[in-house]
Amino acid sequence: MGDSSASYIHMVQHLIEKCLIFHMSKEECMEALSKHANIKPVITSTVWNELEKENKEFFESYLQSQSSSGVNRMSEAETSELIQKIISDNQSNKDD
């Protein structure tokens, strides 16, 4: 796997981690990254599944808390702004 592929996957992983911080489901994360970061849902899903395999206990807890809480979701504008900021920060880190 080339450097750019590894870097891309790392960026997707980072974006998924941000989605988790904001209590998004897998489907919400896939939709948000597709819409606001132009990442194909199959890529997000594949990276998410690998994260689940590597962190079973975390995701079991996460999914349980997802189903039992009525956490406030971010608006679409907030989601878009957050994802654009993360991508921008990621690009500036590459330039360093």
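Residues numbered from 1 in each chain as written. Predicted model: local features only at pLDDT ≥ 70, side-chain atom pairs only at ≥ 80, totals over all residues. Heavy atoms only, no water.

Undergrad: Just checking my understanding: could you explain helix H2 (residues 26-37) for this structure?
TA: Residues three or four positions apart in an α-helix share a direction because the helix packs 3.6 residues into each turn. With 12 residues, H2 should reach 16 Å at 1.5 Å per residue; the first-to-last C-alpha distance of 15 Å fits that figure. Turning to H2, its buried residues are Lys 26, Cys 29, Met 30, Ala 32, Leu 33, His 36 and Ala 37. The first or second residue beyond H2 is Asn 38, which carries a positive phi of 55 degrees. (Helix = DSSP H or I, 4+ residues; strand = E, 2+ residues; numbered from the N terminus. Expected span 1.5 Å × (residues − 1). Buried < 20%, exposed > 50% of the residue type's maximum accessible area, 1.4 Å probe, protein only.)

Undergrad: I would appreciate a short explanation of helix H3 (residues 41-54) in the present structure.
TA: With 14 residues, H3 extends 20 Å from end C-alpha to end C-alpha; this agrees with the ideal 20 Å at 1.5 Å per step. Listed as buried for H3 are Thr 44, Ser 45, Val 47, Trp 48 and Leu 51.

Undergrad: Hey, could you run me through the packing of H3 against helix H4 (residues 56-68) in this one?
TA: Axes are the key here: two packed helices are described by the angle between their axes and the distance separating the axes. At a minimum axis distance of 5 Å, the contact between H3 and H4 shows a crossing angle of 110 degrees. With respect to each other, H3 and H4 are oriented roughly perpendicular. On H4, the residues touching Trp 48, Leu 51, Glu 52, Lys 53 and Glu 54 of H3 are Lys 56, Phe 59, Tyr 62 and Leu 63. The residue inventory of the contact of H3 with H4, partitioned by class, reads five nonpolar, no polar and four charged. (Axes fitted to C-alpha atoms, helices over the stretch in contact; angles between N-to-C directions. Parallel < 35°, antiparallel > 145°, perpendicular 65-115°, else oblique. Contact = heavy atoms within 4.5 Å. Nonpolar A, V, L, I, M, F, W, Y, C, P; charged D, E, K, R; others polar.)

Undergrad: What is the right way to look at the side chain of Thr 44 in this model?
TA: The residue Thr 44 is located in helix H3 in this model. When neighbours within four sequence positions are excluded, Thr 44 is seen to be in contact with Val 12, Ile 16, Cys 29, Met 30, Leu 33 and Ile 39.

Undergrad: I tried to follow the packing of H2 against H3 on my own but got confused; where do I start?
TA: As a packed pair, H2 and H3 sit with axes 9 Å apart at the nearest point and diverge in direction by 135 degrees. With respect to H3, the axis of H2 lies oblique. Here the hand of the crossing between H2 and H3 comes out right-handed. Residues Lys 26, Cys 29, Met 30, Leu 33 and Ser 34 of H2 form the contact with H3, whose own contacting residues are Pro 41, Thr 44, Ser 45, Trp 48 and Asn 49. A per-class count over the contact of H2 with H3 returns five nonpolar, four polar and one charged. (Left-handed = near helix turned anticlockwise from the far one by under 90°.)

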